Amino acid sequence: TAVVWGTLGDDNTLYIYREYYKAKGLSYPWHADRVLAVECGQTLKGDEIEGRAGEQEPIEAGWGDPASREGRDAFNAVGLETWPAENDVQLGYDRVRDRLRLRADNRPRIKFFTTCPISIKQIGGLVRNHKMIEVVQMKKDDHAADAVRYLCCGVYSWLGL
């Protein structure tokens, strides 16, 4: 299970500032509880939630794997509203690549904080391959990259582009 948090800057730059990435085999409600804890300012030490909960971070929109209704339902049940993400893999990575492309000001429109090492690694591995779609179709170690792809597509449609 992978979740990424992003925010849009004034210049439409998407800043990916937090990630949650845990191994398979655990229930969606288990993951949803931990993601909610993180949004409420708690920390995770291993798999355990630590610290006192604060106010939930305001989230404008969230997208989840369209093939996982059970997962989205579990997140919705704890107040983390999610909608089915765009699942066209090529379109998603076109959106990611477009944000990575340098603009006239010599800056991309997506930036990753160092607090997101898994997302950085997975996206970096994909964008270096010119045949990205073939890499994606292997479906191995790509959950954070999928989350970034869902976010890029979601933001694109949310902004009405």
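Up top is the structure these notes are about.
From a predicted model like this one, the values you see are computed outputs, not experimental measurements.

(A) Representation of the packing of helix α3 (residues 89-100) against helix α6 (residues 143-158) within the structure. α6 packs onto α3 with a crossing angle of 80° between their chain directions and a minimal axis gap of 8 Å. Accordingly, the angle class assigned to the pair α3 and α6 is roughly perpendicular. From α3, Val89, Leu91, Gly92, Tyr93, Arg95, Val96 and Arg99 reach across to α6, where they touch Ala145, Asp146, Val148, Arg149, Cys152, Cys153, Val155 and Tyr156. Partitioning the contact of α3 with α6 into residue classes produces ten nonpolar, one polar and four charged.

(B) View of the side chain of Arg72. Mapped onto the elements, Arg72 comes out in helix α2 (residues 69-77). Despite its burial, Arg72 pairs with no opposite charge, the nearest such side chain being Asp65 at 6.0 Å. Setting aside residues up to four positions removed in sequence, Arg72 forms contacts with Gly64, Asp65, Pro66, Ala67, Thr82, Trp83 and Pro84.

(C) Molecular detail of the state of the cysteines. This structure, assessed with the given rule, holds zero disulfides. Between Cys40, a cysteine without a disulfide, and Cys116, which holds the nearest cysteine sulfur, the sulfur-to-sulfur distance is 19 Å. Of the residues examined, Cys40 reaches a relative accessible area of 12% and is grouped as buried. Left unpaired, Cys153 is separated from the closest cysteine sulfur, that of Cys152, by 7.2 Å.

(D) View of helix α1 (residues 28-39). Relative to the 16 Å expected for twelve residues at 1.5 Å per residue, α1 spans 16 Å between its end C-alpha atoms, a close match to the ideal helical length. Taken together, the buried positions of α1 are Trp30, His31, Ala32, Arg34, Val35, Leu36, Ala37, Val38 and Glu39. Along its buried surface, α1 packs onto β1 (2-8), β2 (14-21), β3 (43-45), β4 (48-50) and α2. Looking one or two places after α1, you find Gly41, whose phi comes out positive at around 85°.

Analysis parameters
- Residues numbered from 1 in each chain as written.
- Predicted model: local features only at pLDDT ≥ 70, side-chain atom pairs only at ≥ 80, totals over all residues.
- Heavy atoms only, no water.
- Axes fitted to C-alpha atoms, helices over the stretch in contact; angles between N-to-C directions.
- Helix = DSSP H or I, 4+ residues; strand = E, 2+ residues; numbered from the N terminus.
- Parallel < 35°, antiparallel > 145°, perpendicular 65-115°, else oblique.
- Contact = heavy atoms within 4.5 Å.
- Nonpolar A, V, L, I, M, F, W, Y, C, P; charged D, E, K, R; others polar.
- Buried < 20%, exposed > 50% of the residue type's maximum accessible area, 1.4 Å probe, protein only.
- Lys, Arg positive; Asp, Glu negative; His and termini not counted.
- Salt bridge = Lys/Arg side-chain N within 4 Å of Asp/Glu carboxyl O.
- Disulfide = S-S within 2.5 Å.
- Expected span 1.5 Å × (residues − 1).

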